[in-house]
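Geometric and topological summary
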Amino acid sequence: MPVSRPELSDSRVIAHVDMDCFYVQVEQRKQQSLRGQPTAVVQYNSWQGGGLIAVSYEARKFGVKRSMRGDEAKKVCPEIHLVQVPVARGKADLNSYRNAGSEVVTILSRRGRCERASIDEVYLDLTIAAEAMLVDNPPECLETISEEVVKSHVLGLEEDGSNAREKVGHWLTRSDASRRDKLLACGAFIVAELRLQVLEETEFTCSAGIAHNKMLAKLASGMNKPAQQTVVPFSSICKLLGMLPIKKMKQLGGKLGTSLQIDLGVKTVGDLLQFSEEKLQEYYGVNTGSWLWNTARGISGEEVKERLLPNSHGSGKTFPGPRALKTVPSVEKWLSELCEELSERLQFDLEQNKRIAHTLTLHAHAYKSNDIDSFKKFPSKSCPLRYGTSKIKEDALILFQAGLREYLGLYNFKISGNQNSGWGITGLSVSASKIIAIPSGTRSIMNYFHNQQETCPQVKLSSEKLIQDAPLLSPSENCIENGGHMTLQSIEPWISCSEEDEETKHSLPLDRQLDKEMCKEKLPDKETSICSSPDAEVYRGWEKDQTESNGDYLTEKIRDSLESEEGKRKLNKEKGMSTISRYFQSQNSGDLLKVEHASTSKLSESPSLSDHQSEPPQENSPARGESSVDARLCSHIKLKRPAWSYDIDEIDQDVLNELPKQIQEEVQAWLRPQKRPHTVKRDSGIARYFLPAKNK
Ligand code: DCP
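So, how was this worked out
- Residues numbered from 1 in each chain as written.
- Predicted model: local features only at pLDDT ≥ 70, side-chain atom pairs only at ≥ 80, totals over all residues.
- Heavy atoms only, no water.
- UniProt positions renumbered as here; feature names shortened; annotations may be inferred.
- Helix = DSSP H or I, 4+ residues; strand = E, 2+ residues; numbered from the N terminus.
- Buried < 20%, exposed > 50% of the residue type's maximum accessible area, 1.4 Å probe, protein only.
- Contact = heavy atoms within 4.5 Å.
- Areas by Shrake-Rupley, 256 points an atom, 1.4 Å probe, with all protein chains shown as cover.
- Pairing = 2+ DSSP bridges.
- Axes fitted to C-alpha atoms, helices over the stretch in contact; angles between N-to-C directions.
- Parallel < 35°, antiparallel > 145°, perpendicular 65-115°, else oblique.
- Nonpolar A, V, L, I, M, F, W, Y, C, P; charged D, E, K, R; others polar.
- Right-handed = clockwise from strand over helix to strand, strands pointing away.
- pLDDT = per-residue confidence, 0-100.
- Expected span 1.5 Å × (residues − 1).
- Core = buried A, V, L, I, M, F, W, Y, C linked by side-chain atoms within 4.5 Å.
- Domains from an automatic or database assignment.
- Salt bridge = Lys/Arg side-chain N within 4 Å of Asp/Glu carboxyl O.

As annotated in an unreviewed UniProt entry, the protein carries the name DNA polymerase eta and comes from Capsicum annuum. Under the UniProt heading Sequence similarities (unreviewed entry), the note attached to the protein is "Belongs to the DNA polymerase type-Y family." In UniProt, the protein has this text filed under Catalytic activity (unreviewed entry): "DNA(n) + a 2'-deoxyribonucleoside 5'-triphosphate = DNA(n+1) + diphosphate".

Printed below as a string of structure tokens:
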């Protein structure tokens, strides 16, 4: 649900830059003869000429649309050039488009904070640059204005053809304008200059919206395409939103927009102005109500986040009609392809950008024939991400099976086995999210763990061996490691329903319609998934550790690691990555410490899982009627929590304080369970992790 954020300042200068027919431009740059020609990029699927995914503006003039297939496009525009998207592993390979997007981002980020919103969209916060221009080089003092700037569209100015540019030129250089308008005018100059640089350096054209916030800038960037820019002065907002159909507003294209239309009779965003904030809150809750009230007034405080790299990676494929996958082995085969691509990109990101992803998510689109429950959607599933292609494949398959079991119901799943019992998969994707940069100050945390190692030689030995394995991401994830052999049973407790943000969905362009739909399949209440909490990950580790109670866990893990081809490859790769290796080594060391602590401490005292299932729900346990897996997990967690034997007093606060903030938070999260042994609540939000720890 959208959350309202108060406007940070009424004179920010925000731009949204959107590439024009992006994939087509990339292909035209590869094949110069296509320039200026009606061209479309078609999907990797030859049925009826393939589905169009990008259409050049020359082809659009003939009526060619993205919803068409190649054959249909040929009918309306016989001279159209159809270029097939590059292919790798039997599916579209979007790398050339991603790289082209990165080239553009590099240029756009020169003048202000830059947020890469999708493969071809960027937000810029140009406030500081605009303020500087207003002081040093105000538009009213300029002797000449570039053609690109006067070509701008300024909402609210009457554009009647002949003297439109004159009017725009005058608006941009007025000395009697308000400060707000002057800043926007500076923004228009800066964006025009950036767009020209993009054209010169990449040969790509783009369009832009310039406004006081992201929401308005995004609305404006698509208003005048291609290769143009649109300015939204404060005075034009009311008229703009008054005409904007409610479903066209970001976040209102789905159920909320439909409810506004049906329940409140709202047609345009401006129609919302007739409702008080209280009324909207009454209908849609406090947050959404306030967000709607603000949106109707063009108010949005959402910040441009500094992000030049994508915040997720994904790989997906659709299997329409007769191509639907109908057996688990066929799904496994495709998952394998998708995971290989995902793993390659993760590895590249790690080596190139020193970033690691934390969550693996599987989405699928499925159907069931002969079923009254056919509206039911295939649930998206997530788990902590383990690096290494084979591990990603293995986990993705387990996620799929967990999803399928939920989708079919346990009974049907069991009788179905690998046979086709009336289900089919029409879309499949895997994605990696929660990507963070490896903090630069990891040496300190490494020292910390090294100190710990000295007191525990067995752990030291284990960690040295383990460096040959794929890098592991967090203590909890290490604990659930089992030498690459996980079972559905062992993974199940930490499989959660996916909660990806908009950008995550947007980063999978080829399959993004599929993904967007799939991503709507969330738990009804975002905060009910215990598996998404940091604490829960620690407990999942313990859960796994319990299953390894025969003590062979570490030995097996090392042996598997040594035997694995992948482990050997990684070892070679790691030679040139000493810092990262050290980081992971230190992580492994610390993680193993926990494994050691766990296996030698109170785990044996924990009553079995089944003992707890019979206990009545307590105050902090899941309510009756919740899924049995979650209920089991909750009760299990409570018992295991005290088993973690790190003593916070052993940790020197000075050491903690000198760590980068991110690591401090992570360490605090590891330690927190000790402080709050009984605080797991299914209905509590992330905010609780920032509250002072309570001893209950
Ligand atoms: N894309 C895709 N599948 C879709 C939609 C888009 O693969 N269903 C890809 C191809 C597009 C790129 O993403 O070139 C960017 O999508 P946009 O929606 O921004 O559309 P274009 O850039 O193609 O055109 P426009 O100039 O209208 O923005």
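A word on the overall build of the protein. Helix and strand counts for the protein come out as 30 helices and 16 strands. When burial is assessed residue by residue, the protein has 54% of its 696 residues classed as buried. Long-range pairs, those at least 24 residues apart, make up 73% of the contacts in the protein with a sequence separation of at least 6. Summed over its atoms, the accessible surface of the protein is roughly 30,900 Å², and 51% of this surface lies on carbon and sulfur atoms.

A few words on the environment of Val-17. If you trace the backbone, Val-17 turns up in strand β1 (residues 14-19). Val-17 sits in the buried class, given a relative accessible area of 2%. Spatially, the C-alpha atoms of Val-17 and Ile-210 are 8.8 Å apart, while their sequence positions differ by 193 residues. Look past the residues within four positions of Val-17 in its chain and what remains in contact with it is Leu-108, Asp-120, Glu-121, Val-122, Leu-124, Cys-206, Ser-207 and Ala-208.

Here we take up the sheet that holds strand β4 (residues 81-84). Strand order in this open sheet of three strands is β3-β2-β4, and the pairing throughout is mixed. The strands lining the two open edges of the sheet, one partner per strand, are β3 (52-55) and β4. Taking each pair of neighbouring strands and ignoring which way they run, the sheet shows an average axis angle of 30 degrees. Sheet topology places strand β2 (residues 39-42) next to β3; three bridges connect them, and they run antiparallel. Paired with Ala-40 across the strands is Val-55, a residue of β3. Most of the contacts of helix α1 (residues 22-30) go to β2, to which it runs at about 105 degrees, and overall it touches β2, β3 and β4.

On to unusual backbone geometry, then. Peptide bonds are trans in most cases, and residues, glycine excluded, mostly fall at negative phi. Omega for the peptide link from Lys-225 to Pro-226 comes to -5 degrees, which places this bond in the cis form. Residue placement: Pro-226 occurs in the loop between α9 (214-221) and β11 (229-231). In this structure, Cys-21 takes a positive phi of about 20 degrees despite not being glycine. Position of Cys-21 relative to the elements: it lies in the loop between β1 and α1. At Gln-251, a position not held by glycine, the phi torsion is positive, near 80 degrees. As for its placement among the helices and strands, Gln-251 is situated in the loop between α10 (237-243) and α11 (255-264). Owing to a relative accessible area of 45%, Gln-251 belongs among the partly exposed residues under this scheme.

Attention now goes to the sheet that holds strand β9 (residues 153-154). Backbone-to-backbone hydrogen bonds pair the strands of a sheet. The strands run either parallel or antiparallel. Strand order across the open sheet formed by six strands is β7-β8-β1-β10-β11-β9, with mixed pairing between neighbours. Only two strands of the sheet have a single neighbouring strand rather than two, namely β7 (113-118) and β9. For β9 and β11, the ladder comprises two bridges, and the chain directions are parallel. Paired with His-153 across the bridge in β11 is Thr-230.

Let us look at the packing of α1 against helix α4 (residues 95-108). Remark: α1 packs on α4, axes separated minimally by 10 Å, with the N-to-C direction vectors making an angle of 95 degrees. The angle between the axes of α1 and α4 places the two elements in the roughly perpendicular class. Note on element contacts: α4 touches α1 through Ser-96, Tyr-97, Ala-100, Gly-101 and Glu-103, opposite Phe-22, Tyr-23, Val-26, Glu-27, Arg-29 and Lys-30. Classifying every residue of the contact of α1 with α4 by side-chain character gives five nonpolar, two polar and four charged.

Moving on to the pairing of strand β15 (residues 423-437). β15 sits mainly inside the fold: eleven of its 15 residues count as buried. Relative to β15, strand β13 (residues 355-368) runs antiparallel, the two being bridged by 13 bridges. Residue pairing in the sheet places Thr-361 in a bridge with Ser-431 of β15.

For a regular strand, side-chain orientation follows a simple rule: the groups alternate between the two sheet faces. Most of strand β10 (residues 206-211) is tucked away: six of the six residues are buried. In the sheet, β1 pairs with β10 via six bridges, with the strands oriented antiparallel. What sits directly across from Val-17, in β10, is Ala-208. Where β10 meets β11, three bridges bridge the pair, whose relative direction is parallel. The residue of β11 that forms the bridge with Ile-210 is Val-231. Handedness of the β-α-β unit built from β10, α9 and β11 comes out left-handed.

When pLDDT is averaged along the protein, the result is 72, and 59% of the positions lie at 70 or above. Per-residue pLDDT stays below 50 along residues 443-494; that stretch engages in 159 contacts with residues further than four places along the chain or on separate chains. Under a pLDDT of 50 for its full length, residues 497-652 has, in the predicted model, 327 contacts with residues more than four places off or in other chains.

On to helix α14 (residues 328-353), then. Taking 1.5 Å as the rise per residue, α14 with 26 residues should run 38 Å; its terminal C-alpha atoms sit 35 Å apart, in good agreement. Among the residues trailing α14, Lys-354 stands out with phi positive, at a value near 55 degrees.

In terms of nonpolar packing, the biggest core is built from 52 residues, with Tyr-23, Tyr-97 and Leu-124 touching the most fellow members. A total of eleven residues in this core trace back to one element, the largest contributor, which is helix α8 (residues 179-202). Here this core spans two domains, and each of domain 1 (1-20 + 89-305) and domain 2 (21-88) adds at least three residues to it. Non-local contacts of Leu-124, meaning those with residues more than four positions away in its chain, are made with Val-13, Ile-14, Ala-15, Val-17, Leu-108, Arg-113, Cys-114, Leu-194 and Val-304. One finds Leu-362, Ala-364, Val-430 and Ala-432 within the second-largest nonpolar core, a separate group that totals 35 residues.

On to the pattern of salt bridges, then. Tallying each qualifying case throughout the model produces 29 salt bridges. Residue Glu-203 pairs with Arg-35 through a salt bridge whose shortest N-O separation is 2.8 Å. Linking Glu-203 in the loop between α8 and β10 with Arg-35 in the loop between α1 and β2, this pair joins segments that are 168 residues apart in sequence. Residue Arg-35 is classed as partly exposed on the basis of its relative accessible area of 30%. A salt bridge links Glu-303 to Arg-113; the nearest nitrogen and oxygen atoms lie 3.7 Å apart. Of this pair, Glu-303 sits in the loop between α13 (286-296) and β12 (313-318) while Arg-113 sits in strand β7, and the two are 190 residues apart along the sequence.

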